[in-house]
Amino acid sequence: MTYIPHSLQERDAMLATIGVKKIEDLFEAVPAAHRFPALNLPPALSEMEAAAELQELALANETTQDLVSFLGAGVYNHYIPAAIDHILSRGEFYTAYTPYQPEISQGTLQAIFEYQSMMSELTGMEVSNASHYDGATALAEAVIMAVAQFRGKRKKIVTSPGVHPQYRATTHTYIQHGELQLVGAELDPSSGPEALIPLIDENTALVAVQYPDFFGRIYDYTQLAEAAHAAGALFAVAANPTALGLLKPPGEMGADIVVGEGQPLGIPLSYGGPYLGFFTTRKKFVRKMAGRLVGESTDSRGQRAFVLTLTPREQHIKRERATSNICSNQGLMALAASVYMSLLGQTGLRQVAELCYHKAHYAAEQVAKIPGYSLCYDEPFFHEFTVCCPKPVAEINEHLLEHGIIGGYDLGQDYPDMQNHMLIAVTEMNAKEEIDALAAVLAEVSHD
Amino acid sequence: MNIPSDLKYTKSDEWVNPSDGKMGLTDYAQGQLSDIVFVEVLVSVDDTISAGDAIASVESVKAAAEIYAPVGGKVIAVNEDLADAPETMNSDPFGAGWLVQVEISEEGDLMDAAAYEKYCEERE
Amino acid sequence: MTDFKLQGQPKVVEPTIYELSTPGRTGVTFPDPDVPRAQLPDSMLRGRLPLPELSEADVIRHFVKLSTFNYSVDSGFYPLGSCTMKYNPKINEDAARLPGFTRLHPLQPIETTQGALVLMYQLQEWLKEISGFDAVSLQPAAGAHGELTGVLIMRAYHIHRGDDKRTKMLIPDSAHGTNPASSAMSGLQVVQIPSDERGNVGLDALRAACDETTIGMMLTNPNTLGLFDEHVEEISKIVHEAGGLMYGDGANLNALMGIAKMRDLGFDVMHFNLHKTFSTPHGGGGPGSGPVGVTAELADFLPAPIVDIVEEGNEDLPPLFGLVSPAKTIGRVKSFHGHFGVLVRAFTYIAMHGADGLRKVSEYAVLNANYLLARLRDAYTVPYDRTCMHEFVAEGRFADAPGIHALDIAKRLMDYGFHPPTNYFPLIVHEALMIEPTETENKDTLDAFVEAMLKIADEARSAPDLLHAAPQKTPFGRLDEVKAAKELILCCWLPEDYGNQ
């Protein structure tokens, strides 16, 4: 298949205008020894053949639709209202570039402005950027922002072991040459936020926690925020947006930065991406925040209009003086989140959050009843909980899969002391029968 | 373009008043930046700074620039008004748009007004 | 200068989602719980949740209305230099939306995701073949993210062999701002290398800058002037002799598929922009995807995880694909395995082109650019005027029309129905207009664009006010950017009395 429209006559006319005989003549600057290498690729497919091949690859997977899933650990299987993809499928949105020309990009710009507004409201903060790649990179950018806020003078980052292991790993990758100290991850995962307080000192740039934490637990971080602020440090929370439909927003707990994975807001699982890293903060930090930002203004005709603003913070102007190299946002994913929040509104998001909460608590109750299984923690939780199992999680999950169930996340992968600990996620997509089936199969595993 | 004769200038377009130690950004530089929308002074009263230290960063709609101290010394005043009215640096760069005042204890590599004027013309 | 003096309140063309909100409306409902309700944690509940309330039809109409304000590849010619705004095939979209892909959780057992893993493995192999590299990671989320990844790999390589003094990155003055920013993020100092009069990297300056502190060089080739560097092999040699590595910015790969392999030109590491070269849509700013390719020497430093065969197949069973962590990995650069949905689109594109098709893409991208250059060079100054690759840079200024800037030409193009070229980049060209037509545009479109550009060059002299006042035929006029930056209105909210009316 080709998408090149030229007829041979047109090609020849163009070559004549250029003043060369054949297309190959345009490549004389390329070293002759390396020019026109053979590429060993499979023969080109027609659209019909490609569609069939892709369908075959897709069917080779067993999805959360074919199976019953209790897997979360950062991304969640939620219902996506049909209207969202109809908006995302409009070429006017998905085939546009970054809105550098505001006169012909008001659709994208106003949509981002509305995204910023809703994200600020949801997290209880004052400003939001136009998004990062995902929750993990948003947290890494929060760390960089905090370090820049103190002009590199504070070198310590305190994070809880309850922050997603992949977020901590990503942050570590980002800052590995920054002479910074990442502390806190070595704490006992069963400890609460108060265990972080002794680690905070005058050298601390940022204290970062997750809400609900990676193990599903809900804590009020107000005291921890106060402790961070007392030492002059900033306080960041990586939050789950669905939970914020029900729970007190981090802004009310004193957070300076709220980041998180926006995937639960109407974005498909899609085997890991593309997702949406949201990032909100206080207005006083807006110039230190990385990423695109849309502001309200007016045009030359006296119409309200929107435009990318505070661009001098960014790499294309500041170059090596910029604190972040980011030059895109997850525009289309932010649009998905906007449409999702617009459709659900105040009541819908609360409803989804409550469904998750009730179903997760029902599941926890059923699982805890099974001999050999228990809930590892007593703290309140949202839609995910940690189960202490009688056998290795891998073994249990294998058995569950034979019954068409994708089990929970094996925490032993990231926390060596947490062998036999399973993290189970339950959303509005899990029917009571599915939860009962999970409990029944788990019971089988405990007996043999 | 305004280049007061009683001030001294740097190649990075700052001015300093040798008689009172006030410093700021030149008329030429504010014109290049165009509308200044944000100023952040990076030093505080009682800090001791050296010539060439960054004392402020400014942003216009299209550009961002660091401002460096033309001379060294102890900071005795910082222009707090700029935070709310950064455009003063455009409208009155040598007057109300001053940034920082120091007790001069170290001379920098400075030009007089005539040399600076020539330097600006060369860059046009 | 545009006069932005407002008479009274600004006119609202489309209300915000908050202004459209009415208490009690909703766009979607959910069933009641089928399990007993649990006790909610009272002390942790939020008070108000100020999201808008609209019906589904209201939401659809609002966003459809907004979409009509956008220019897009689907609606017209988008010659935005360095962005490769080619047509995005529709089959890509359908493929990425197959439920067998969209409903896969990234942490599922690999036995249940073999289709996805085969696709990723195959894409890694194809990108290796196109670039000549030995290993590829699909994890980076965007071009700039790929740069950061590549630079971290370069640093890890030097440090691992006990050489921790290499902290200087050489970057040409024509480079994208992301290059120096990515280097700075990795804790490096940037040394800028000037270009020579033919738009190549200045070799004398390069030689002078190379020493035992050089980590390497970041080079975009073809460069941002759209020119193939005539000394690329010599550049690689100089940098390698100093012990440095060559980073290839793949932003302009659309000129090189089947034309030259980056590895053969002397590069050690590069990133691909799937959203440029491989036709995945730009999405109004993202998501992109920025896979990184490296030589065998650097393969162990790639970010984790990458896709590999974890159990060889046999006569009865296909091999089992899984996710593995390279031995000396720099770590992970994001969560999970990359922008899988974008990978599906790029996979589809490559599968439909094959070797000959990809070479043809690059050939016609270069043909189209040279055709525009040939037709415009008399009316617009082209400062580095030689055979270009997939794009070229002209000056948007005229000696006999002193008040006209590149910006005015860009805005006037909108009145003729075209998206403007990239302007004011690269920084080494005055009033730059960077024009990249891509291969998917036909001759009629290119001719119409040329006519508009020639007309604008005339208007610049005969009717400059038309350019200063442009655009007139778009739904919105020029924006007051000073007001936006000063007032910093970044959010809208529900009115204070919402719900009490």
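Note: the structure precedes this text.
As the structure is a computational prediction, the values presented were derived from the model and not from experiment.

Cut-offs used in this document
Residues numbered from 1 in each chain as written. Chains lettered and ligands numbered in written order. Predicted model: local features only at pLDDT ≥ 70, side-chain atom pairs only at ≥ 80, totals over all residues. Heavy atoms only, no water. Helix = DSSP H or I, 4+ residues; strand = E, 2+ residues; numbered from the N terminus. Buried < 20%, exposed > 50% of the residue type's maximum accessible area, 1.4 Å probe, protein only. Contact = heavy atoms within 4.5 Å. Buried area = accessible area lost by both parts, 1.4 Å probe. Salt bridge = Lys/Arg side-chain N within 4 Å of Asp/Glu carboxyl O. Polar contact = N/O pair within 3.5 Å; in protein donor to acceptor, adjacent residues only side chain to side chain. Nonpolar A, V, L, I, M, F, W, Y, C, P; charged D, E, K, R; others polar. Axes fitted to C-alpha atoms, helices over the stretch in contact; angles between N-to-C directions. Parallel < 35°, antiparallel > 145°, perpendicular 65-115°, else oblique. Phe/Tyr/Trp six-rings, centres within 6.5 Å; stacked < 30°, edge-to-face > 60°. Lys NZ or Arg CZ within 6 Å of the ring centre and 35° of its normal. Pairing = 2+ DSSP bridges.

So, about the environment of G95(B). Residue and element names in this part refer to chain B. Its place among the elements puts G95 in the loop between α2 (88-91) and β9 (100-106). The exposure class of G95 is partly exposed, given its relative accessible area of 28%. For G95 and G24, which are 71 residues apart along the polypeptide, the C-alpha to C-alpha distance reads 8.9 Å.

The next subject is the interface of chain A and chain C. With 185 residues of chain A at the interface, the matching set in chain C holds 205 residues. Taking both partners together, chain A and chain C bury about 16900 Å²; carbon and sulfur atoms supply 64% of that area. Joining chain A to chain C, the criterion identifies six salt bridges. Of the charged contacts, one joins R304(A) and E19(C) as a salt bridge, the two residues approaching to 2.8 Å between their closest N and O atoms. Taken together, the links from chain A to chain C amount to 89 residue pairs in polar contact (both at pLDDT 80 or more). Top contributing element to the side of chain A that touches chain C by residue count: helix α10 (residues 331-368) of chain A, with 25 residues. Among the residues making up the side of chain A that touches chain C, the classes are represented as 93 nonpolar, 61 polar and 31 charged.

On to the interface of chain C and chain B. Residue-level contacts link four residues of chain C with six residues of chain B. Between chain C and chain B, a total of about 460 Å² is buried, with carbon and sulfur atoms accounting for 66% of that surface. Its largest share of buried area at the contact with chain B, chain C owes to E481(C), V482(C) and K486(C), together 77% of the area lost on that side. E87(B) is paired through a salt bridge with K486(C); the nearest N and O atoms lie 3.8 Å apart. Across the chain C-chain B interface, the total number found is zero residue pairs in polar contact (both at pLDDT 80 or more). The class makeup of the residues in the side of chain C that touches chain B is two nonpolar, no polar and two charged.

All right, on to the packing of helix α5 (residues 106-123) of chain A against helix α1 (residues 56-67) of chain C then. Two elements in contact, α5(A) and α1(C), have axes whose closest approach is 7 Å; the angle formed by their N-to-C orientations is 135°. The angle between α5(A) and α1(C) falls in the class oblique. Contact with α5(A), carried on its side by G107(A), Q110(A), A111(A) and E114(A), involves H62(C), F63(C) and L66(C) of α1(C) and no other residues of that element. In terms of residue class, the contact of α5(A) with α1(C) is built from three nonpolar, three polar and one charged.

As a further point, take the packing of aromatic side chains. Per the stated rule, a full pass over the model turns up 30 aromatic pairs over all chains. Between F101(C) and F340(C) the ring centres are 5.6 Å apart and the planes differ by 65°, which places this aromatic pair in the edge-to-face class. With a gap of 239 residues between them, F101(C) in helix α3 (residues 99-102) and F340(C) in helix α9 (residues 340-376) connect regions that are remote in the sequence. Measuring from centroid to centroid gives 6.4 Å for Y157(C) and F301(C), while their planes differ by 90°, and the two rings are edge-to-face. Pair noted here: Y157(C) is in helix α5 (residues 143-160) and F301(C) is in the loop between β7 (292-294) and β8 (306-311), with a separation of 144 residues, a long-range link. Grouping residues by exposure puts Y157(C) and F301(C) together as buried. For R154(A), the ring lying beneath its charged end belongs to F150(A), and the centroid distance is 4.6 Å.

Residue and element names in this part refer to chain A. Pairing is antiparallel in the open sheet, where four strands are placed in the order β11-β12-β15-β14. Edge positions in the sheet fall to β11 (374-375) and β14 (409-410), since each of these pairs with one other strand and no more. Direction of pairing for strand β12 (residues 384-388) relative to strand β15 (residues 421-425): antiparallel, over a ladder of five bridges. Of the residues in β15, the one forming a bridge with T386 is L423. Sitting on the sheet, α10 touches β11 and β12, and the angle it makes with β12 is about 5°.

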